[in-house]
Amino acid sequence: MNHSQKAFLAVILCILISLTLPIFTFASESAKPLDWYFNKNEKHERPVLPLEFSFIEEYSGHYLGKGDEKVIYLTFDAGYENGNIEKILDALKSHNAPGAFFILENLINRNPELIKRMTEEGHLVCNHTAKHPDMSRITDKDTFCNQLRDMEKIYTEKTGMNLAPYYRPPQGKFSAQNLEYASEMGYHTIFWSFAYADWDNERQPDPEKAIFEILEHTHPGMVILLHPTSTTNAAIMDKLLTEWENQGYRFGTLDELTKK
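Conventions and cut-offs
Residues numbered from 1 in each chain as written. Predicted model: local features only at pLDDT ≥ 70, side-chain atom pairs only at ≥ 80, totals over all residues. Heavy atoms only, no water. Salt bridge = Lys/Arg side-chain N within 4 Å of Asp/Glu carboxyl O. Helix = DSSP H or I, 4+ residues; strand = E, 2+ residues; numbered from the N terminus. Expected span 1.5 Å × (residues − 1). Bend = angle between axes of the 7 residues up to and from the residue. Buried < 20%, exposed > 50% of the residue type's maximum accessible area, 1.4 Å probe, protein only. Contact = heavy atoms within 4.5 Å. Polar contact = N/O pair within 3.5 Å; in protein donor to acceptor, adjacent residues only side chain to side chain. 1 Å grid on protein atoms, 1.4 Å probe; cavity = no way out; pocket = protein on both sides within 12 Å on 5 of 7 lines; lining within 4 Å. Points joined across faces, edges and corners; volume = space filled by probe spheres on them. Nonpolar A, V, L, I, M, F, W, Y, C, P; charged D, E, K, R; others polar. Axes fitted to C-alpha atoms, helices over the stretch in contact; angles between N-to-C directions. Parallel < 35°, antiparallel > 145°, perpendicular 65-115°, else oblique. Left-handed = near helix turned anticlockwise from the far one by under 90°.

A. View of the pattern of salt bridges. Throughout the structure, instances matching the rule amount to 13 salt bridges. As a salt-bridge pair, Lys116 and Glu113 come within 3.6 Å of each other at their nearest N and O atoms. Pair noted here: Lys116 and Glu113 are both in helix α4 (residues 112-120), with a separation of three residues, about one helical turn. Across the pair Lys239 and Glu208 runs a salt bridge, and its minimum N-O distance is 3.4 Å. Within this pair, whereas Lys239 is found in helix α8 (residues 231-246), its partner Glu208 is found in helix α7 (residues 207-216), the two being separated by 31 residues in sequence. Look at the salt bridges and you will find they share partners, linking Asp90, Lys93, Arg117 and Glu121 into a network.

See below:
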């Protein structure tokens, strides 16, 4: 091969690299691990979506209701029962307030009757994955989808029904690629516009302070994330629902939230 031929091949190689580089760059960006967060405000204003999450609606991602109507979407991440989920359900029932429970396989394996009660009382039972891994680190499509499919399978085996088509990534860890995979499976990914530190059973917040913090940040279209294993949440739920009702709020469903 002479010098001119080598130079020609070098030019062709450079062109091919320049053409494929954007593809690899996009693939890398779509798989970039992200941690969900929301912008708090104490003016009861609807939080603005952080710029780096602007893509979520392309893949059926939601974090906030539309419009200025006083509506709240109650969502609960539930991995196990410690007596408090039942108390939460009692409070919801007394107010005829629908909720969405994102569950793990552990909960339905150990407490199938509790899950049946949720559906019988008008709540949605949704997919929080089978085993609660860090989904943002999963780039293989089959591995990702199997976490959701395994949860679907055990739910159908135990109840004879299908999970509601809503997915919440454990700990709010996700990627654009994750959302794309979930959307292809027919899921809406549900984030939140408010949450507070209620998950640590050893460090539960003071009930009155918890009510104050939640009401201080309540806003139209709020998607609130609560952990139903929290003793604080079980203690305040009835009062909290009453306060919201007194402020003119109603409780919506995820079917309503995701309707275009």
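B. Local environment of α8. Given a rise of 1.5 Å per residue, 16 residues ought to cover 22 Å, and the 24 Å separating the end C-alpha atoms of α8 matches this to within 8%. In α8, a bend of some 50 degrees at Met237 exceeds every other bend along the element. Restricting attention to buried positions, one finds in α8 the residues Thr232, Asn233, Ala234, Ile236, Met237, Leu240, Leu241 and Trp244. Along its buried surface, α8 packs onto β3 (71-78), α2 (84-95), α7, β10 (222-226) and β11 (250-251). Two or three places before Thr232, at the start of α8, stands the capping residue Ser230, its side-chain oxygen 3.2 Å from that residue's backbone nitrogen. Looking at the residues trailing α8, positive phi occurs at Gly248, about 90 degrees.

C. Fine view of the environment of Leu148. Position of Leu148 among the secondary structure elements: in helix α5 (residues 141-159). Look at Leu148 and you get buried, because its relative accessible area is 0%. Between the C-alpha atom of Leu148 and that of Lys131, which follows or precedes it by 17 residues, the distance is 9.5 Å. Apart from the residues within four sequence positions on either side, Leu148 is in contact with Asn127, Thr129, Met135, Tyr167, Met185 and Tyr187.

D. Geometry of the layout of surface pockets. Approximately 430 Å³ is the volume found for the largest pocket. In this structure, the largest pocket is lined by 19 residues; those nearest its centre are Asp77, His132, Gln171, Trp199 and His227. Per-class residue counts for the lining of the largest pocket are ten nonpolar, seven polar and two charged. Each pocket or cavity is described by its volume, and for the second largest pocket that value is around 210 Å³.

E. Quick peek at helix α6 (residues 176-184). Considered for burial, the residues of α6 that qualify are Ala176, Gln177, Asn178, Leu179, Tyr181 and Ala182. Within two residues after α6, Gly186 carries a phi angle of roughly 95 degrees, on the positive side.

F. Local environment of the packing of α7 against α8. It is at 10 Å that the axes of α7 and α8 come closest, and there the two elements cross at 45 degrees. Regarding the angle of α7 to α8, the classification is oblique. Crossing geometry of α7 relative to α8 is assigned as right-handed. Between α7 and α8, the residues in contact are Pro207, Glu208, Ala210, Ile211, Ile214 and Leu215 and Thr232, Ile236, Lys239, Leu240, Glu243 and Trp244, respectively. In terms of residue class, the contact of α7 with α8 is built from eight nonpolar, one polar and three charged.

G. Inspection of the side chain of Asn127 at higher detail. Mapped onto the secondary structure, Asn127 falls in strand β5 (residues 124-127). Only 2.8 Å separates the side chain of Asn127 from the backbone nitrogen of Thr129, close enough to count as a polar contact.

H. Region of interest: the environment of Asn162. You can see Asn162 is positioned in the loop between α5 and β6 (166-167). Distance from Asn162 to Glu152, taken between C-alpha atoms, is 6.9 Å for residues ten residues apart in sequence. Excluding residues within four positions of it along the chain, Asn162 makes contact with Tyr155 and Thr156.

I. A look at the side chain of Ser193. Mapped onto the secondary structure, Ser193 falls in the loop between β8 (188-190) and β9 (194-195). A relative accessible area of 1% means that Ser193 is categorised as buried. At 2.8 Å, the side chain of Ser193 and the side chain of His219 are in polar contact. With near-sequence residues (within four places) excluded, Ser193 lies in contact with Phe38, Pro47, Tyr63, Leu64, His219, Gly221, Met222 and Val223.

J. Seen up close, empty space enclosed by the protein. Taken as a whole and judged by the stated rule, the model has two cavities of 30 Å³ or more. The calculated volume of the largest cavity comes to roughly 50 Å³. Along its surface, the largest cavity is lined by Phe38, Asn39, Lys40, Asn41, His44, Glu45, Pro47, Ser193, Phe194, His217 and His219. The residue makeup of the lining of the largest cavity, split by class, is three nonpolar, six polar and two charged.

Distances and angles like these do not, on their own, reveal function.
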